[in-house]
Amino acid sequence: MSARENEKMTIEQVAAALGVSKTTVSRALSGKGRISEETRARVYAYIGMGNARSEPAPVQNPPKLRTNNIAMVMPQRFITLDLPFLRKCMGGICTMADQRGYDMLVCYSSYTEYTQLQRQLASHKVDGVILTYAMADDPCVDLLRQYDVPFVLIGRSEDKTIPQADNDQVAAACEMTRILLQMGAKRIALLVGSTIYAVNTDRTRGYLRGFAESCVPVDQRLVHSGIESTGQTIDAMEAALEQKADCLLCGDDEIACEVMRELRNRHILVPQDLRVASLYDSSMLASITPSVSAVQYDAEQLGRTACRMLLDHLAGKETVQRQIEGYQVILRESTKWNGRTNDAR
């Protein structure tokens, strides 16, 4: 059997030809799990590796058998937190994968926990992987390179060798900040999540650029990052109010909803007393009263783009290294000009 035929062979084909299960073939190739040396030798002989060793084959040199599966890696906090952006990305990935004859597996990971992905890679269950968030020094990237599995990142990485699909977060945050300044806001406080994630770093850069392009000095006391809980959101909001902010620019829809809820509890009127905007839009922000101005992205399209990049690579097609999708600033009731000042609050 030629090497070219080997590349096209799937685990299912090997299992059917030898009369064994797909699990048995996967174990023979990975060297993991209980399997006889006789069966292992049969699998290796069939795919053209007649000199199979009695010891398990090294992880970094598995035969390239196609599974027609891709994995989507989600942040572990998605288990307990509903993230509309990732749900829509998942829809786009599933649609594109199905069109190209692939199925999608989902696994969760964090900076310290990525055993689900490691299991999928060790068992040769997937042909490629989509990482749905960009994190500094992400251990999943090292793991994927160790197993030599193609992957695409949704987000931005400083590592230019990583294929990336992203929205222009810097430009979007810059434009929203400039618009708010043009509408009369003078002291815009920024409330964003942890800067370990590139998206929050980019949104902060865009906010600062918006001030610079408007020739307005920035009060660094109004910049609050590392917000990862309701308590931290309230703390950041209180600090911004103490610094007499006249507008709260929230890093995402979750922070914006918490801010709107707390302002309502304190009887602070939006936009009469304080304006609020978000750097990520969702149906929640459009439906609350007053509705919240926000930057709108097509997360489903971003998922489709990332999946297409990965599947094109797996098909041997030439692909771009970084694909940027657009955005739209949506102005709603929460930022309407009212003519009042902070002193009237």
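Look above for the structure.
(A) Just the overall build of the chain, in detail. When helices and strands are tallied, the chain shows 13 helices and 12 strands. Across the 345 residues of the chain, 51% fall into the buried class. Partitioning the contacts of the chain with sequence separation of at least 6, the portion at a separation of at least 24 is 70%. Entry remark: accessible area of the chain is about 16,500 Å², with carbon and sulfur atoms responsible for 48%.

(B) Examining the nonpolar core more closely. Judged by nonpolar contacts, the single largest core of 67 residues is most densely connected at Ile 70, Ile 188, Leu 191, Leu 248, Leu 249, Val 259 and Leu 263. With seven residues, helix H13 (residues 299-314) is the largest single contributor of residues to this core. One finds Ala 71, Val 129, Met 135 and Tyr 197 within the second-largest nonpolar core, a separate group that totals 23 residues.

(C) Local environment of the packing of helix H10 (residues 230-242) against helix H11 (residues 253-265). In the contact formed by H10 and H11, the axes pass within 10 Å of each other and the chain directions differ by 65°. Handedness of the H10/H11 crossing: right-handed. Of the residues in H11, those in contact with Thr 230, Thr 233, Ile 234 and Met 237 of H10 are Ile 255, Glu 258, Val 259, Glu 262 and Leu 263.

(D) How the structure looks around the packing of aromatic side chains. For the structure shown, the criterion picks out four aromatic pairs. Plain terms: the ring middles of Phe 85 and Tyr 280 are 5.6 Å apart, the flat faces sit at 85° to each other, and that makes the pair edge-to-face. With Phe 85 in helix H5 (residues 84-99) and Tyr 280 in the loop between strand S9 (275-278) and helix H12 (283-287), this pair connects stretches of sequence that are 195 residues apart. On the basis of an interplanar angle of 70° and a centroid distance of 5.0 Å, the ring pair of Tyr 207 and Phe 211 is categorised as edge-to-face. Here Tyr 207 and its partner Phe 211 are both found in helix H9 (residues 198-213), four residues apart, which amounts to about one turn of the helix. For the pair Tyr 207 and Phe 211, one class covers both residues: buried. Members of the aromatic cluster, each reached through a chain of ring pairs, are Phe 85, Tyr 280 and Tyr 297.

Calculation notes
- Residues numbered from 1 in each chain as written.
- Predicted model: local features only at pLDDT ≥ 70, side-chain atom pairs only at ≥ 80, totals over all residues.
- Heavy atoms only, no water.
- Helix = DSSP H or I, 4+ residues; strand = E, 2+ residues; numbered from the N terminus.
- Buried < 20%, exposed > 50% of the residue type's maximum accessible area, 1.4 Å probe, protein only.
- Contact = heavy atoms within 4.5 Å.
- Areas by Shrake-Rupley, 256 points an atom, 1.4 Å probe, with all protein chains shown as cover.
- Core = buried A, V, L, I, M, F, W, Y, C linked by side-chain atoms within 4.5 Å.
- Axes fitted to C-alpha atoms, helices over the stretch in contact; angles between N-to-C directions.
- Left-handed = near helix turned anticlockwise from the far one by under 90°.
- Phe/Tyr/Trp six-rings, centres within 6.5 Å; stacked < 30°, edge-to-face > 60°.

No statement about biological role is implied by the geometric values presented.
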